[in-house]
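The primary structure of each chain is shown beneath.
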Amino acid sequence: MSGETGIVLVERVSKSFDGFRALDEVSLAVRPGERVVICGPSGSGKSTLIRCINRLERHDSGRIVVDGVELGKDPRAIRAVRREVGMVFQQFNLFPHLTVLENLTLAPRRARGLPAAEARATAMHYLERVHIPEQAGKYPRQLSGGQQQRVAIARALCMKPKVMLFDEPTSALDPEMIKEVLDVMVELAMEGMTMLVVTHEMGFAQRVADRVVFMDQGQVEETAAPAQFFAEPASERARLFLGRVL
Ligand code: ADP
Ligand code: MG
């Protein structure tokens, strides 16, 4: 099957919560190096889709394959997939009782068995990549929201993921901090990272996305190149949505 070449492959995936169909036969394939932006109204299933790909939620039916490993009942497959997939949430999710450096070295030491010195060197490398190496010894509460989100991105990168998932990474940020986070994400995209990004930052989508996926009511309503999507969305629902966010 041609779609098997995707690094993330979602095939007719459905997911219900108490009888409510949050995902309704969603299909999506992301090729290595591709940047896909997912947008759509609140409640359309964007987070559920991202969370199913990282197995934070279990899908009810359909197939999800990440880097050749199908997410099923085998816990080894889930661990394997989590190692390959970096995740950045709206609410940073840093460990408050750990310093920035400790936040970055924890998973590489525990999950990858990296020696402490090597984990520290990797952490400092990625803190420099997100332009805040000077914050290494601080605790998350001592940082701004934008800095915390950049720490969260660096933390995910420390695991050397093959694909990065972002779920509205700038939605919790004050306007003046959105740009510093988007700039880091643009840099990542330019370096060739495979990215699946839920965002309403349409400027970001226009700049870096290879494809825009518009979701509505648990379904992929429309998939298009950004230029096409923003100039002339095919569906009425996308037109209404764009009228609200742009
Ligand atoms: P989006 O991220 O596009 O705003 P979500 O994926 O968060 O949408 O939610 C899709 C729908 O599923 C919403 O109606 C939401 O209320 C519902 N939903 C999501 N997660 C849960 C959950 N854990 N329990 C019950 N309902 C949920
Ligand atoms: Mg969401």
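- In the nomenclature of an unreviewed UniProt entry, the protein chain corresponds to Amino acid ABC transporter ATP-binding protein from the organism Marinimicrococcus flavescens.
- UniProt annotates the protein chain under Sequence similarities (unreviewed entry) with the comment "Belongs to the ABC transporter superfamily."

1. Examining the site of ligand 1
Here's step 1: Taken together, the residues surrounding ligand 1 are Phe-17, Phe-20, Ala-22, Pro-41, Ser-42, Gly-43, Ser-44, Gly-45, Lys-46, Ser-47 and Thr-48.
Here's step 2: Between Gly-45 and ligand 1, the recorded distance is 3.0 Å, taken from a backbone N or O atom to an oxygen atom.
Here's step 3: In the environment of ligand 1, an oxygen atom lies 2.7 Å from a nitrogen or oxygen atom belonging to the side chain of Lys-46.
Here's step 4: Surface burial for ligand 1 is 62%, taken as the share of its 560 Å² of free accessible area covered by protein chains.
Here's step 5: Considering every element that reaches the shell around ligand 1, the biggest residue donor is helix α1 (residues 46–53), with three residues.
Here's step 6: Residue classes in the shell around ligand 1 are distributed as four nonpolar, six polar and one charged.

2. Focus on the side chain of Gln-149
Here's step 1: Looking at the element boundaries, Gln-149 is found in helix α5 (residues 145–157).
Here's step 2: By relative accessible area, which is 0% here, Gln-149 ends up buried.
Here's step 3: Contacts of Gln-149, omitting those with residues within four sequence positions, involve Val-88, Phe-89, Gln-90, Phe-92, Pro-169 and Val-181.

3. Brief notes about the sheet that holds strand β5 (residues 69–70)
Here's step 1: Strand order in the open sheet made by the four strands is β2-β1-β4-β5, with antiparallel pairing throughout. Strands at the two margins of the open sheet, each flanked by one partner only, are β2 (20–30) and β5.
Here's step 2: Bridge count between strand β1 (residues 8–17) and strand β4 (residues 61–66): five bridges; the pairing is antiparallel. Within β4, the residue paired with Val-8 across the bridge is Val-66.

4. Re the confidence of the model for the protein chain
Here's step 1: Mean pLDDT over the protein chain: 94, with 98% of residues reaching 70 or higher.
Here's step 2: Among the scores for the predicted complex, ipTM is 0.98 and pTM is 0.95.

5. A closer look at the UniProt feature "domain: ABC transporter" (unreviewed entry) in the protein chain
Here's step 1: In the numbering used here, UniProt assigns the "domain: ABC transporter" (unreviewed entry) feature to residues 8–242.
Here's step 2: Here residues 8–242 runs as 40% helix and 26% strand, with 27 Å between its end C-alpha atoms.

The rules behind each value
- For every chain, the first residue of the written sequence is number 1, and numbering continues from 1 along that sequence.
- Here the convention is simple: chains get letters from A, ligands get numbers from 1, in the order in which they are written.
- pLDDT decides what is reported in this predicted model: residues at 70 or higher carry local features, side-chain atom pairs at 80 or more are listed and counted, and totals for whole chains, interfaces and linings draw on all residues regardless.
- Each side-chain value is derived from all of the structure's non-hydrogen atoms; neither hydrogens nor water enter the calculation.
- UniProt positions are given in the numbering used here, feature names are shortened, and annotations may be inferred rather than shown by experiment.
- Think of it this way: one heavy atom of a residue within 4 Å of a molecule or strand is enough to make that residue near it.
- Here a polar contact is taken to be a pair of N or O atoms separated by no more than 3.5 Å, where protein atoms must pair a possible hydrogen donor with a possible acceptor and residues adjacent in sequence count only if both atoms sit in side chains.
- Residue burial considers only the protein chains on display, and all accessible areas are found by Shrake-Rupley using a 1.4 Å probe.
- Every helix listed is a DSSP run of H or I at least four residues long, and every strand listed is a run of E at least two residues long, numbered separately from the N terminus.
- Under the convention adopted here, Pro, Cys and the residues Ala, Val, Leu, Ile, Met, Phe, Trp and Tyr are nonpolar, Asp, Glu, Lys and Arg are charged, and Gly plus all remaining residues are polar.
- Buried, partly exposed and exposed residues are distinguished by accessible area as a fraction of the type maximum, computed with a 1.4 Å probe on protein chains only: under 20%, between the cut-offs, and over 50%, respectively.
- Any two residues having at least one pair of non-hydrogen atoms within 4.5 Å are treated as being in contact.
- When DSSP finds two or more bridges between a pair of strands, those strands are recorded as paired.
- Across the chain, each position has a pLDDT score giving the predictor's confidence in that residue, from 0 to 100.

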